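If you want the building blocks of each chain, they are given just below.
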Amino acid sequence: MELSQISQAVQQDAVAVVFVNVLLQQLGLPVPAVPTLLLAGSVAATPGHLGQVLAAAIVASLIADWLWYRAGKFFGYRALAGLCKLSINPASCVSQTEARFIRWGVSSLVVAKFIPGFSTVAPPIAGALRMHLLGFLMAAGAGACLWAGLALAAGWLLKDAVQAAIGALDRHTGTALAVMLPLIGAWLGWKLWQKYRFRRSCTVPHITPDQLIEALRTEQRPLILDLRGATMIAETGAVPGATVAEHDRLDDAVGDWPRSQPIVTLCACPEDAGAIAAARHLLNDGYLSVRVLQGGYDAWLAATRTDPPPRQ
């Protein structure tokens, strides 16, 4: 579909187009919504019409957020783990986002849509943490109003510039695609290269669950840092003897632990990404013996079912 046809469709029924576009985008599909909002703002005939489009965007956003909220409430950490596995960047972990969500509170939902990645994971985190539904909807609605309202207002105020840009792109679609496609390909290639480099550079020493169980029976017991999110820990329980830690507050979790004494980090991220990142941080800070639990929490759980760790 040409840009002129898209513009005509928005002019004919901006409310429906914006509603569908925002709903799909907020559900997680790679469909940009801000350009549509800018276009809808530029073709709005009256402030009343602009208000109707804004209402459609807010309702669509709230429907998507409510569905993600319900997924988080019913599936808990499994929904968050699924989002983590879908990430193209293995070094990113939902547990880090969850910790920030808990720290910032309900206000994080107001700004979530302005933070790439956070917009998708914030609603299921709120559901998994059993946030009150009314408070969630009010905060998510305020965030949607701010996000969509700014884009629509920008389109309304800059209507001539938006229409001129659309006309130029429509006249030079081939040139625009020739520029954009390589840029998109370069971005995707860079992300895949990051993933490949992460896998190749996982040189942090690892320890198996069986080795860790044996180490816990010695006098020089390691400090175990449990980097899973609060949702998963609440549902499955803490690892016996472990210290619950956040990526942004590792120093607080380690405390006055001697730098020469062993430390083990564990998480529930794909490829042990969160535990590796924490181990690297501690090694860079001068701790001499930091290892990552191979296979993370799932491997630990499987090992302790048959060989329980020593009592603390």
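Provided above is the structure to which this section pertains.
I will try to describe carefully the structure that is included in this document. The model shown is predicted, which means the values in this text are computed figures rather than measured ones.

A complete count under the given rule lists 1 cavity of 30 Å³ or more for this structure. One number sums up the size of the largest cavity: a volume of about 50 Å³. As for the largest cavity, its lining consists of Asp 65, Leu 109, Ala 112, Lys 113, Ser 119, Ala 122, Pro 123, Ala 140, Gly 143 and Ala 144. Elements represented by at least two residues in the lining of the largest cavity include exactly helix H8 (118-128) and helix H9 (133-157). Here the residues of the lining of the largest cavity sort into 6 nonpolar, 2 polar and 2 charged.

A few words on the pairing of strand E5 (residues 290-293). Bridge count for strand E1 (residues 206-207) against E5 is 2 bridges, and the pairing is parallel. Residue pairing for E5: His 206 is matched across the bridge by Val 292. Sheet topology note: the strand E4 (residues 263-266)/E5 ladder contains 3 bridges and is parallel. Bridged to Ile 263 within E5 is Val 290. Crossover E4 to E5 through helix H15 (residues 273-284) is right-handed.

Further remarks concern a nonpolar patch on the surface. Together, Trp 104, Val 111, Phe 114, Ile 115, Leu 146 and Leu 150 make up a nonpolar patch on the protein surface, roughly 520 Å² of accessible area in all. Mapped onto the elements, Val 111 comes out in helix H7 (residues 107-111).

What follows is about the sheet that holds E5. Overall, parallel pairing links the 5 strands, which are arranged E1-E5-E4-E2-E3 in an open sheet. A strand with exactly one partner marks an edge of an open sheet, and here the two such strands are E1 and strand E3 (243-244). The pairing of strand E2 (residues 223-226) with E4 spans 4 bridges and is classified as parallel. Bridge pairing in E4 places Ile 224 opposite Val 264.

Packing of helix H2 (residues 14-26) against helix H4 (residues 47-75) leaves a shortest axis separation of 8 Å and a crossing angle of 25 degrees. If you check the angle between H2 and H4, you find them roughly parallel. Regarding H2 and H4, the two cross each other, and that crossing is right-handed. From H2, Ala 14, Val 15, Val 18, Phe 19, Val 22, Leu 23 and Gln 26 reach across to H4, where they touch His 49, Gln 52, Val 53, Ala 56, Ala 57, Val 59, Ala 60, Ser 61, Ile 63, Ala 64, Asp 65 and Trp 68. Of the residues contributing to the contact of H2 with H4, the split by class is 14 nonpolar, 4 polar and 1 charged.

The next subject is the packing of helix H3 (residues 34-43) against H9. Relative to each other, H3 and H9 sit at 50 degrees, their axes nearing to 6 Å. With respect to their mutual orientation, H3 and H9 come out oblique. In this structure, the crossing between H3 and H9 has a hand that is right-handed. Mapping the contact onto sequence places Val 34, Leu 37, Leu 38, Ala 40, Gly 41 and Ser 42 in H3 and Trp 147, Ala 148, Ala 151, Leu 152, Ala 154, Gly 155 and Trp 156 in H9. Looking at the contact of H3 with H9, its residues break down into 10 nonpolar, 3 polar and no charged.

Analysis parameters
Residues numbered from 1 in each chain as written. Predicted model: local features only at pLDDT ≥ 70, side-chain atom pairs only at ≥ 80, totals over all residues. Heavy atoms only, no water. 1 Å grid on protein atoms, 1.4 Å probe; cavity = no way out; pocket = protein on both sides within 12 Å on 5 of 7 lines; lining within 4 Å. Points joined across faces, edges and corners; volume = space filled by probe spheres on them. Helix = DSSP H or I, 4+ residues; strand = E, 2+ residues; numbered from the N terminus. Nonpolar A, V, L, I, M, F, W, Y, C, P; charged D, E, K, R; others polar. Pairing = 2+ DSSP bridges. Right-handed = clockwise from strand over helix to strand, strands pointing away. Patch = residues over 30% accessible without salt bridge, like charges linked within 9 Å, V, L, I, M, F, W, Y side chains within 5 Å. Areas by Shrake-Rupley, 256 points an atom, 1.4 Å probe, with all protein chains shown as cover. Salt bridge = Lys/Arg side-chain N within 4 Å of Asp/Glu carboxyl O. Axes fitted to C-alpha atoms, helices over the stretch in contact; angles between N-to-C directions. Parallel < 35°, antiparallel > 145°, perpendicular 65-115°, else oblique. Left-handed = near helix turned anticlockwise from the far one by under 90°. Contact = heavy atoms within 4.5 Å.

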